[in-house]
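Residue-level listing of the chains:
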Amino acid sequence: MRTVKMKILALLFTVACVVPAFAQQPDSIKISKDSVKVNKEKPKEKYPQFQFRGLLQARYIASLTNHVDIDGLHHSDDEYTGNDFDLKRVRLQVQVKLTKRTEVVVLANLADFKSDPKYKVLENAYMKYSFSPGLNLVFGQFRPWFGIEETYPVDVIKSMDYSNQYYEFAKNGWTSFQEGAAIMGDIKIGPLGTQYSIAIVNGNGRNQPKDKDNGKQLMSRLVFNLFPKNGIKLGLNGGYGKVYRKDVHALGIDLTGNIKFNEKWGLDMQAEAKQGVNHVMYFALKEADRASHVGDYMMRAVYFLPNMRYDINYKNLSSIECSIRYEYMDVNYKLDPLPRHSFTPMISFGFLKNYDARIQLGLIMERYKKETDNTTEHNSNTLILQLQSRF
């Protein structure tokens, strides 16, 4: 096995040899702010209008823990991959505005062809019709709003990747790309600016030939803009559904804020907590091995992510950011609790505008109260260097 020292040398060599590049790639749904007023001085817009975008995320990954591979899996022998160059995402998107109110978005991740592409590759594929800023209809495959992380693309995230809770709740049909329909918009509730979303989805992930059962999952999200000056927003999420005729549910709460100390320095903060039925774990067990009720299999998670940003604006270098995310996750806390504590410190260098080019260096530290050999339930340290280009 290569030593930690050799892996760090390989990392430094990668930093020295790679030069970052370009532009922009959203994967989340945005509410149109276009006014319905007509400016007579502007020429009449022609439709359809096409917009093409792309994203490249390339990584060097090194496990700094003996006998643990780059995916966090422990091995009793020496036959494992301890470091790797990897393409995390190679996204291409086309956005077609058919009319002033109607648009179609298709997003594909070509990096999914590295392995079996079945049920992968295609990410977004939806149509959106905007009646007004307060009422938008979405139909197809998209990311329904059920937390902070569904409302922004992964390429502007303040850490190395989405949280563990995002991926666990995605397995259970609440987050990530799902097939269904949604209504969403911006409204006023008293003095507060408010965003809302109500979605109904199959709940079995993307690119499925059909729903796995006749059940559906209904979810909603409300976001209250409490203190606009500091960007403090409170989000409330709730969901209920049927999976193989069993009742399932999930709840969530989140808080975001942005404090500007001066023109150069700022602090972004976000915290999010979720709890829900882990029906995937329940149905993965043989019927004889299951507990009597699906609601006995409960998962819960919370994370806190502060991010300090310095807008340096020196030549092509626009910003330097430092963050650390702490996350607690337990996928079965009622019957078999096994808390997972994750720490992810990161430093990021943003080039050009809006992360058009970005270099990130982070360390993912996983800690379990009880370790199990030859599983991912094992302490690990993984170093990641990621270069990103949006175009």
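Just so it is clear, the model here is predicted, and its values are computed rather than measured. (Residues numbered from 1 in each chain as written. Predicted model: local features only at pLDDT ≥ 70, side-chain atom pairs only at ≥ 80, totals over all residues. Heavy atoms only, no water.)

**Some remarks on the overall build of the protein chain**
The number of helices and strands found in the protein chain is three helices and 16 strands. A compact globule built from 391 residues would reach a C-alpha radius of gyration of about 21 Å, and the protein chain, at 22 Å, matches this within 12%. By its C-alpha atoms, the protein chain is 70 × 60 × 40 Å across when sized along the principal axes. In the protein chain, buried positions account for 47% of the 391 residues. The long-range share in the protein chain, meaning contacts at least 24 apart out of those at least 6 apart in sequence, stands at 60%. Accessible surface, the protein chain: about 20,000 Å² in total, of which carbon and sulfur atoms supply 61%. (Helix = DSSP H or I, 4+ residues; strand = E, 2+ residues; numbered from the N terminus. Rg over C-alpha atoms; globule rule 2.2 N^0.38 Å. Buried < 20%, exposed > 50% of the residue type's maximum accessible area, 1.4 Å probe, protein only. Contact = heavy atoms within 4.5 Å. Areas by Shrake-Rupley, 256 points an atom, 1.4 Å probe, with all protein chains shown as cover.)

**Some details on the confidence of the model for the protein chain**
Overall, the predicted model of the protein chain reaches an average pLDDT of 90, with 90% of residues at or above 70. Every residue in residues 4-25 scores below 50 in pLDDT, and together they form 50 contacts with partners more than four places removed in sequence or on other chains. (pLDDT = per-residue confidence, 0-100.)

**Considerations on the pairing of strand E12 (residues 298-310)**
On any regular strand, side chains alternate: one points to one face of the sheet, the next to the other face. Pairing analysis gives 13 bridges linking strand E11 (residues 265-277) to E12, with the strands arranged antiparallel. Bridge assignment links Leu267 to a residue of E12, and that residue is Met308. One ladder, built from nine bridges, connects E12 with strand E13 (residues 317-330); its direction is antiparallel. From the neighbouring strand, Ala301 faces E13, where its bridge partner is Met329. Where E12 folds back onto E13 in an antiparallel hairpin, the turn is made up of six residues, including Asn313, whose phi is positive at roughly 50°. (Pairing = 2+ DSSP bridges.)

**Comments concerning the pattern of salt bridges**
Evaluated as defined, the whole model comprises 18 salt bridges. A salt bridge links Asp155 to Arg390; its shortest N-O distance comes to 2.5 Å. Here Arg390 lies in strand E16 (residues 380-390) and Asp155 lies in the loop between strand E5 (135-142) and helix H2 (164-171), a separation of 235 residues in the sequence. In this structure, the salt-bridge partner of Asp311 is Arg309, at a minimum N-O distance of 2.6 Å. Given a relative accessible area of 14%, Asp311 falls into the buried group. Via salt bridges that share partners, Lys158, Lys260, Asp268, Arg309, Asp311 and Glu321 belong to a single interconnected network. (Salt bridge = Lys/Arg side-chain N within 4 Å of Asp/Glu carboxyl O.)

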